[in-house]
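Structural overview
As a plain string of letters, each chain reads:
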Amino acid sequence: MTPKSPILRLAVFVSGSGSNLQSILDACAQADFPAEVACVFCNRSDAYGLARARDAGVASLVVDDRDFPSRRAHEEVLLKGLADRPVDLVVLAGYMRILTPLFLQAFRRADGRSGVINIHPADTRDYQGAHGYEYALGIKPHGLNRLEKTKITVHWVDDGVDTGPIIAQADVPVLPEDDLRALKARGLEIEHQLYPEVIRDIAMGRYD
Ligand code: GAR
């Protein structure tokens, strides 16, 4: 398969550590990878993900959501900041903020489908929102049963919270001895493989 367009230009959105961003930057640094990180957006001025962007020589944009009275006001400034940057796909990588229809509309593809993807550390059919690994361990949100495995999910983003069509999933076993730290570490390793694979497949036109 050859890439559909020369290269898929990504805007990667982060809020914190940005280890998924790092896996995408590393993949894009490979000569035959059909995507590039055109810019990194961050809604927290103190996030470590910004250092990762800087170290990779990638432009970043920071609009701290704490400076705005509403999601819409925040997104209006964010959209202005992205307006002159050519972006084909928005990649949410630990971006812990819900996007409104205003933003999603701006990044719809020509055929009307979503132009935004997200990675979630649980099966989005069972659990939505933050704290996916805690959910798998039965810690949060309501002390439910501990699962035998969780399912990392990459999905298209729609107007709901983690409700968009699923693109790919990967199992992560929950071992009897797992605490949050151990499960997260093992889960993130899987995330770091899965997300670049999905991005490559999108760039190759597999989901068109
Ligand atoms: C990842 O585990 C990602 O799946 C999760 O946040 C973490 C970000 O880690 N995202 C969500 O929970 C979204 N609902 P990172 O900043 O090291 O990539």
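Now for a look at the structure at hand. (Residues numbered from 1 in each chain as written. Predicted model: local features only at pLDDT ≥ 70, side-chain atom pairs only at ≥ 80, totals over all residues. Heavy atoms only, no water.)

1. With respect to the sheet that holds strand S5 (residues 116-120)
The strand order across the open sheet built from 7 strands is S3-S2-S1-S4-S5-S6-S7, with neighbouring strands paired in mixed fashion. Across the chains shown, the open sheet's two edge strands, defined by having one partner strand only, are strand S3 (60-62) and strand S7 (166-173). Strand after strand, the sheet turns through a mean of 20 degrees between neighbouring axes, direction not considered. In the packing of helix H6 (residues 180-203) onto the sheet, the strands contacted are strand S1 (8-14), strand S2 (35-42), strand S4 (89-92), S5, strand S6 (149-156) and S7, and the crossing angle to S7 comes to about 155 degrees. (Pairing = 2+ DSSP bridges. Helix = DSSP H or I, 4+ residues; strand = E, 2+ residues; numbered from the N terminus. Axes fitted to C-alpha atoms, helices over the stretch in contact; angles between N-to-C directions. Contact = heavy atoms within 4.5 Å.)

2. Description of the layout of surface pockets
Roughly 770 Å³ of volume is contained in the largest pocket. Contributing to the lining of the largest pocket are 32 residues, with Gly-94, Tyr-95, Met-96, Ile-119 and Pro-121 lying nearest its centre. Sorting the residues of the lining of the largest pocket by element identifies helix H1 (19-28), S5, helix H5 (132-136) and H6 as the ones contributing at least two each. Here the residues of the lining of the largest pocket are counted per class, giving 13 nonpolar, 13 polar and 6 charged. (1 Å grid on protein atoms, 1.4 Å probe; cavity = no way out; pocket = protein on both sides within 12 Å on 5 of 7 lines; lining within 4 Å. Points joined across faces, edges and corners; volume = space filled by probe spheres on them. Nonpolar A, V, L, I, M, F, W, Y, C, P; charged D, E, K, R; others polar.)

3. Focus on H6
Over its 24 residues, H6 runs 34 Å from end to end, which matches the ideal 34 Å to within 8%, given 1.5 Å per residue. If you check which residues of H6 are buried, you get Leu-183, Gly-187, Glu-191, Leu-194, Tyr-195, Pro-196, Val-198, Ile-199, Asp-201, Ile-202 and Ala-203. A positive phi of about 85 degrees marks Gly-205, the residue just after H6. (Expected span 1.5 Å × (residues − 1). Buried < 20%, exposed > 50% of the residue type's maximum accessible area, 1.4 Å probe, protein only.)

4. Things to note about H1
With 8 of 10 residues buried, H1 lies mostly within the body of the structure. Next to the buried residues of H1 lie S1, S2, helix H2 (49-55), S4, S5 and H6.

5. Section: the site of the ligand
What surrounds the ligand is a group of 14 residues, the closest being Gly-18, Ser-19, Asn-20, His-120 and Glu-191. One of the side-chain nitrogen or oxygen atoms of Ser-17 is found 3.2 Å away from an oxygen atom of the ligand. Summarising the interface, the protein chains cover 87% of the accessible area of the ligand, which totals 450 Å² for the free molecule. At the level of elements, H1, S5 and H6 are the ones that each hand at least two residues to the shell around the ligand. (Near = heavy atom within 4 Å. Polar contact = N/O pair within 3.5 Å; in protein donor to acceptor, adjacent residues only side chain to side chain. Areas by Shrake-Rupley, 256 points an atom, 1.4 Å probe, with all protein chains shown as cover.)

6. Quick word on the nonpolar core
Ranked by size, the top nonpolar core spans 41 residues in total, and within it Leu-10, Val-12, Ile-24, Val-37, Val-91 and Ile-117 carry the most contacts. At 7 residues, the largest contribution of residues to this core is made by H6. Val-37 has contacts with Leu-10, Val-12, Ile-24, Leu-25, Cys-28 and Val-58, leaving out every residue within four places of it along the chain. (Core = buried A, V, L, I, M, F, W, Y, C linked by side-chain atoms within 4.5 Å.)

7. Overview of the pattern of salt bridges
Applying the stated rule across the entire model yields 13 salt bridges. Its salt-bridge partner being Asp-171, residue Lys-149 comes within 3.3 Å of it at the nearest N-O pair. A residue pair is termed long-range when its members are at least 10 positions apart, and Lys-149 in strand S6 and Asp-171 in strand S7 qualify at 22 residues. According to the relative accessible area criterion, Lys-149 is partly exposed, its value standing at 42%. (Salt bridge = Lys/Arg side-chain N within 4 Å of Asp/Glu carboxyl O.)

8. Section: the packing of H1 against H6
Two elements in contact, H1 and H6, have axes separated by 9 Å at closest approach and are oriented at 45 degrees. Classed by the angle they form, the pair H1 and H6 counts as oblique. Here H1 and H6 pass one another in a crossing that is right-handed. Between H1 and H6, the contacting residues are Ser-19, Asn-20, Ser-23, Ile-24 and Ala-27 on the first element and Leu-188, Glu-191, His-192, Tyr-195, Pro-196 and Ile-199 on the second. Looking at the contact of H1 with H6, its residues break down into 6 nonpolar, 4 polar and 1 charged. (Parallel < 35°, antiparallel > 145°, perpendicular 65-115°, else oblique. Left-handed = near helix turned anticlockwise from the far one by under 90°.)

9. Describing the packing of aromatic side chains
Scanning the model with the defined rule gives 6 aromatic pairs in all. Ring pairs connect the aromatic residues Phe-13, Phe-41, Tyr-95, Phe-103 and Phe-107, which therefore count as one cluster. One cation-aromatic arrangement involves Arg-109 over Trp-156; the distance from NZ or CZ to the ring centre is 4.1 Å. (Phe/Tyr/Trp six-rings, centres within 6.5 Å; stacked < 30°, edge-to-face > 60°. Lys NZ or Arg CZ within 6 Å of the ring centre and 35° of its normal.)

Remember that the coordinates give geometry; whether it matters functionally is a separate question.
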